[in-house]
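Now for the letters of each chain:
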Protein chains: 2
Amino acid sequence: MDFFFKPKGVAVIGATGNKNKVGYSIVKNLTMGYKGEVYPVNPKYDEIEGMPCYPSVEEVPDPVDLAIIFVPASKVPDIVKQCAGRGIKGVMIQSAGFAEVGKRGIALQEELVQIAREKRIRVWGPNCMGLVDAVNKNVFSFVSPSIWDDGLLEGNVSLIVQSGLLSAGFLIDMMSHGTMGISKACSIGNKADVDECDVLEYLIGDPQTGAVGLYVEAVANGKRFLELCRQAEKPIVVLKGGKSAGGARAAMSHTASMAGNVHVIRGALRQVGVVEAHDFQQMADIAKAMAMYPAKEAQSSGRVAILTFSGAAGIVSTDMMSDRGLKLAELSGKTIEALKAVFPEWMPPSNPVDLWPAIERSGAQRAYGEAVKAICADPGVDAIFLHFFIGGVAGRQVDIPYFAQTAKKAGKPIFIWALGKREELRAFMVETQRIGIPTYREIGRVIDAMAGVLR
Amino acid sequence: MDFFFKPKGVAVIGATGNKNKVGYSIVKNLTMGYKGEVYPVNPKYDEIEGMPCYPSVEEVPDPVDLAIIFVPASKVPDIVKQCAGRGIKGVMIQSAGFAEVGKRGIALQEELVQIAREKRIRVWGPNCMGLVDAVNKNVFSFVSPSIWDDGLLEGNVSLIVQSGLLSAGFLIDMMSHGTMGISKACSIGNKADVDECDVLEYLIGDPQTGAVGLYVEAVANGKRFLELCRQAEKPIVVLKGGKSAGGARAAMSHTASMAGNVHVIRGALRQVGVVEAHDFQQMADIAKAMAMYPAKEAQSSGRVAILTFSGAAGIVSTDMMSDRGLKLAELSGKTIEALKAVFPEWMPPSNPVDLWPAIERSGAQRAYGEAVKAICADPGVDAIFLHFFIGGVAGRQVDIPYFAQTAKKAGKPIFIWALGKREELRAFMVETQRIGIPTYREIGRVIDAMAGVLR
């Protein structure tokens, strides 16, 4: 599968110079990051974006590993044959008009499968968005080049998404909101040949992937899928579409997927150590945290210390944690003594640690710093939940890299909930995540992620 | 209580010209929106922000309704006495250092209560953020004047929040992210005199308030509170802090609140028609939708039509709706026929309506437009759930005001889930909400809100 992820030479069949068209976005994305040679193919152009354009893939002079195809569906089978004849190892077919459109499309897709088997060429898609690799800047996709504006936020979560339109929208949404950095986002479309198992197997072996999030409606080869999950040393988060009766009917008409019995699926996933999510955002939230804290067998009894600037937020966090099977850690006498050093006398510290009086007395830097240090040393604490108001004094003065380092040394996952002004908050989230602390704008999201990591 | 919300003349006791101090923020906020006269009071200044500054409240020449007090706690009782002597009707004490700090503070607070009763002056606070009225631009609070940058998003949800720090952070977060417009946000602090019942009663009678969201740890007068909720013609959403054992202990140490038994509270709230939320954001999400669709006795059986650009999003929405007691509407034959007019032949429409093929065939404007029209006319549909990808063709071309109007005529609440690029998405959310459609960036949020409205 390396030729899909790290191809030596990429041909774009159906390239165009018309900036409003999909065939242009594919070329444009390639020119913005991919380090190898790009060969636009279209008989109507001599050059596109300053590169020579070839009338057919057969005229491309150099070796090419991968062809990205965006031409009308009816022309695709012949072009795939040409690619195979040309020694190309993989094609990504981003055109639609196959199994999803009924009889004629199903026939076309079957033809593709046959060509793939006969000619030993791998087919990714059709009807997909292809691949966005934010770490290596390999964007093999017609996703809007506007996705580069936010710098293709790098991370170590890789995604496998069955839905083309959604994968594009979701990526743009995540990148631009700074929700999460990604490693590779793989939109696998109709899965004529390459399926979620092929991609999952590759990502399990990929050193740039720390956790995998999958959206699937149906898994073609359930046995292989579960075996891959079982063997994986990496966290895997799955959002399964079609769990309700109505959802299952919709999945059938969306991708002709047999959704399967929800209880059976849920049990099977749990047995192989997969965490289940219930929506796209939650899948991203949990995967982000698990990629940062990947230990599969966490020796945890879910005891959390909360450091907050707001008594109310501490209380609501405690209530929500209780709903998710997490609990407040009992702080040791030693920890309480250490906390007292930054607290005013009238306020006896307890968990949740409402730091505001300590911030007023000792400053945010010292109050948060001493509290993190003491709590990291407490054997009765499994994880640390930090609250910040960004823009206030507490948010501005704290030393996040020190917290990250201290918690890492102590082997305790640390999670942040932050709220505040939009621009400052986004910058803070991107920065903390770069340092390796999963950060969220909402208490509930942190608790979902924490429950995944401490399970 | 009118003198707190619409005072004729406001004195700021503890005003300062030092831009880094809280006493400056209070004055600055007043100069930015409040239409009446402002009287800074501080013996150290002759003028602040171009206004004459008075050495004491007794020297203020004109009638004053409200005094905002921010001076050290020990000085507060005498100042409140002066205010009462001066004919001032209400004081908002934003200084901290009262019941929340132990014995000495408790004594000070008791002194305040006594003065309030004797002198018949109402006391709001102490230890609070005061009031932010985004509609009338009356910001009687030391909340950071940066809150004005985003134009103090107007709406018709009013909030009552017991937690000072959180109310400030939450407001700034909500305003700047465009999550929700507000009418009045009331931070009531230690509730020495004015409590949640006083404020709730006022807001129930306030024509600029469409729904009320409350965060409370304990209610001083449970009977009055429940009676107010029962009589209210407006939706009320309550987030109760301290529902878990750990949360209840934390509430005790936060505001000395007796949290009470969760099942009893939950049952009582449900009986008087209050919707319960489990976090701050969800409280805002539900309140926003209920303020737009306030009918208390919704004649609904929870049948929802989903119009989506993504099959996957339709499926996941269906699954999540099923978890919340909502269901897919069975579309009538007439509706299906109407939908067929915009769909390609190979795609038989069903609910969830995956519009992508229709968008490709008929354009986003027509596909969404005809679908909304047909579904609004379908007696088997109680509510409409629209999905948009903002930045894509579907998001850009649709006629939201037409949808709002059509749905309103049909008496069907309409809800939007939108994802996309950050700036465009925020602008879209602010605009749709101005038109009267509750919009969210996540499927789960819409479903929470929908469950509140269709309950």
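Residues numbered from 1 in each chain as written. Chains lettered and ligands numbered in written order. Predicted model: local features only at pLDDT ≥ 70, side-chain atom pairs only at ≥ 80, totals over all residues. Heavy atoms only, no water.

Chemist: So what exactly am I meant to see when it comes to the overall build of chain A here?
Modeler: Within chain A, the regular secondary structure consists of 18 helices and 20 strands. Scaling as 2.2 N^0.38, a compact globule of 455 residues should have a C-alpha radius of gyration of about 23 Å, and chain A matches this with 25 Å. With the principal axes as the frame, chain A shows a C-alpha extent of 80 × 50 × 35 Å. Considering only intrachain contacts with a sequence separation of at least 6, the fraction spanning at least 24 residues in chain A is 73%. In chain A, which carries 50 positive and 48 negative side-chain charges, the distance between the mean positions of the two groups comes to 2 Å. (Helix = DSSP H or I, 4+ residues; strand = E, 2+ residues; numbered from the N terminus. Rg over C-alpha atoms; globule rule 2.2 N^0.38 Å. Contact = heavy atoms within 4.5 Å. Lys, Arg positive; Asp, Glu negative; His and termini not counted. Charge placed at Lys NZ, Arg CZ, Asp CG, Glu CD.)

Chemist: Honestly, the packing of helix H14 (residues 364-376) of chain A against helix H16 (residues 400-410) of chain A in this entry has me stumped. Any pointers?
Modeler: Packed helix pairs are specified by the crossing angle of their axes together with the interaxial distance, meaning the distance between the axes. Residues and elements named next belong to chain A. In the contact formed by H14 and H16, the axes pass within 9 Å of each other and the chain directions differ by 10°. What the angle tells us is that H14 and H16 run roughly parallel. Here H14 contributes Tyr 368, Gly 369, Val 372, Lys 373 and Cys 376 to the contact with H16, which in turn contributes Tyr 402, Phe 403, Thr 406, Ala 407 and Ala 410. Among the residues forming the contact of H14 with H16, the class breakdown is seven nonpolar, two polar and one charged. (Axes fitted to C-alpha atoms, helices over the stretch in contact; angles between N-to-C directions. Parallel < 35°, antiparallel > 145°, perpendicular 65-115°, else oblique. Nonpolar A, V, L, I, M, F, W, Y, C, P; charged D, E, K, R; others polar.)

Chemist: Just checking my understanding: could you explain the side chain of A:Arg86 for this structure?
Modeler: Residues and elements named next belong to chain A. Residue position: Arg 86 is located in the loop between helix H3 (76-85) and strand E6 (90-93). Side-chain polar atoms of Arg 86 contact the backbone oxygen of Val 57, separated by 3.1 Å. With near-sequence residues (within four places) excluded, Arg 86 lies in contact with Val 57, Glu 58, Val 60, Pro 61, Asp 62 and Val 64. (Polar contact = N/O pair within 3.5 Å; in protein donor to acceptor, adjacent residues only side chain to side chain.)

Chemist: Can you help me understand the interface of chain A and chain B in this one?
Modeler: Interfaces are frequently sized by the accessible area removed from exposure as the parts join. Each side of the interface is counted separately: chain A has 64 residues, and chain B has 64 residues. If you look at where chain A meets chain B, you find eight salt bridges. Inspection of the chain A/chain B interface yields 21 residue pairs in polar contact (both at pLDDT 80 or more). Contributing elements (two or more residues each) for the side of chain A that touches chain B: helix H5 (164-177), strand E13 (236-240), helix H8 (245-255), helix H10 (280-292), helix H11 (311-323), strand E19 (414-420), helix H17 (422-435) and helix H18 (443-453) of chain A. Per-element tally for the side of chain A that touches chain B: the top contributor is H11(A), with nine residues. (Salt bridge = Lys/Arg side-chain N within 4 Å of Asp/Glu carboxyl O.)

Chemist: How do you make sense of the domain arrangement of chain A when you look at a structure like this?
Modeler: Residue and element names in this part refer to chain A. Domain boundaries assigned for chain A yield domain 1 (2-292) and domain 2 (303-453). Computed over C-alpha atoms only, the centres of domain 1 and domain 2 are separated by 38 Å. Contacts between the two partners involve 16 residues from domain 1 and, on the opposite side, 16 residues from domain 2. Summed over both sides, the interface between domain 1 and domain 2 buries roughly 1,200 Å², with carbon and sulfur atoms accounting for 58% of that surface. On the domain 1 side of the contact with domain 2, Asp 285, Lys 288 and Met 292 bury the most area, a combined 38% of that side's loss. Taken together, the links from domain 1 to domain 2 amount to one salt bridge. A salt bridge links Asp 285 to Arg 445; its shortest N-O distance comes to 2.5 Å. Counting only elements with at least two residues in the side of domain 1 that touches domain 2, the list comes to H5 and H10. Among the elements that make up the side of domain 1 that touches domain 2, the one with the highest residue count is H10 (eight residues). For the side of domain 1 that touches domain 2, the class distribution of residues is seven nonpolar, six polar and three charged. (Domains from an automatic or database assignment. Buried area = accessible area lost by both parts, 1.4 Å probe.)

Chemist: For this particular structure, what's the right way to read the packing of aromatic side chains?
Modeler: This structure, assessed with the given rule, holds 34 aromatic pairs over all chains. Aromatic pair B:Phe5 and B:Tyr202: ring centres 4.0 Å apart, planes at 5°, arrangement stacked. Of this pair, B:Phe5 sits in helix H1 (residues 2-5) while B:Tyr202 sits in helix H6 (residues 196-204); the two residues are 197 residues apart in sequence, bridging distant segments of the chain. Here B:Phe5 matches B:Tyr202 in class, with each residue buried. Joined through ring pairs, the aromatic side chains of A:Phe3, A:Phe4, A:Phe5, A:Trp124 and A:Tyr202 make up one cluster. Between the NZ or CZ atom of A:Lys288 and the centre of the ring of A:Tyr440, over which it lies, the distance is 4.1 Å. (Phe/Tyr/Trp six-rings, centres within 6.5 Å; stacked < 30°, edge-to-face > 60°. Buried < 20%, exposed > 50% of the residue type's maximum accessible area, 1.4 Å probe, protein only. Lys NZ or Arg CZ within 6 Å of the ring centre and 35° of its normal.)

Chemist: Would you mind going over the relation of the copies chain A and chain B with me for this structure?
Modeler: The operation relating the pair of chain copies consists of a rotation about an axis and a translation along that axis. The transformation that overlays chain A on chain B combines an axial shift of 0.0 Å with a rotation of 180°, and the residual RMSD is 0.0 Å. In the structure described here, the two chain copies are related by an operation that fits a two-fold rotation axis. Both copies present the same face, since 100% of the interface residues in chain A are matched by interface residues at the equivalent positions in chain B. (Least-squares fit on C-alpha atoms with pLDDT ≥ 70 in both.)

Chemist: Explain the sheet that holds strand E8 (residues 130-133) of chain A to me, please; I cannot follow it from the model alone.
Modeler: What links the strands of a sheet is backbone hydrogen bonding, and the strands pair in either a parallel or an antiparallel sense. All names here are of chain A. Taken together, seven strands build an open sheet; the order of strands is E9-E8-E11-E10-E12-E13-E14 and the sheet is mixed. In the strand order of this sheet, the two ends are held by strand E9 (138-140) and strand E14 (275-277), each with one partner. The average angle at which neighbouring strand axes cross in this sheet is 15°, direction not considered. Of the pairings in the sheet, the one linking strand E10 (residues 157-161) to strand E11 (residues 184-187) comprises three bridges and is parallel in character. Paired with Leu 159 across the strands is Ala 185, a residue of E11. In this fold H10 packs onto E10, strand E12 (211-216), E13 and E14, with an angle of close to 160° to the strand it touches most, E12. (Pairing = 2+ DSSP bridges.)

Chemist: In this structure, what is going on with the environment of A:Pro63? I would like to understand it.
Modeler: All names here are of chain A. When you line up the elements, Pro 63 lands in the loop between strand E4 (51-52) and strand E5 (66-69). Pro 63 sits in the exposed class, given a relative accessible area of 69%. Residues Pro 63 and Pro 52, 11 residues apart in the sequence, show an inter-C-alpha distance of 15 Å. Among residues more than four places away in sequence, those in contact with Pro 63 are Lys 8, Gly 9 and Tyr 39.

Chemist: Teacher, can you tell me more about the pattern of salt bridges here?
Modeler: Oppositely charged side chains are able to pair whenever their charged atoms sit close together. In this structure the tally under the stated criterion is 54 salt bridges over all chains. Where A:Arg324 meets A:Asp448, a salt bridge forms, and the shortest distance between an N and an O atom there is 2.3 Å. Residue A:Arg324 is found in the loop between H11 and strand E16 (327-328), and its partner A:Asp448 is found in helix H18; the two are separated by 124 residues along the sequence. The class for A:Arg324 is partly exposed, based on a relative accessible area of 38%. A salt bridge links B:Lys340 to B:Glu337, with the shortest nitrogen-to-oxygen separation between them at 3.5 Å. Of this pair, B:Lys340 and B:Glu337 both sit in helix H12 (residues 333-340), separated by three residues, roughly a single helical turn. Each of A:Asp285, A:Glu442, A:Arg445, B:Asp285, B:Glu442 and B:Arg445 takes part in a single network of salt bridges with overlapping partners.

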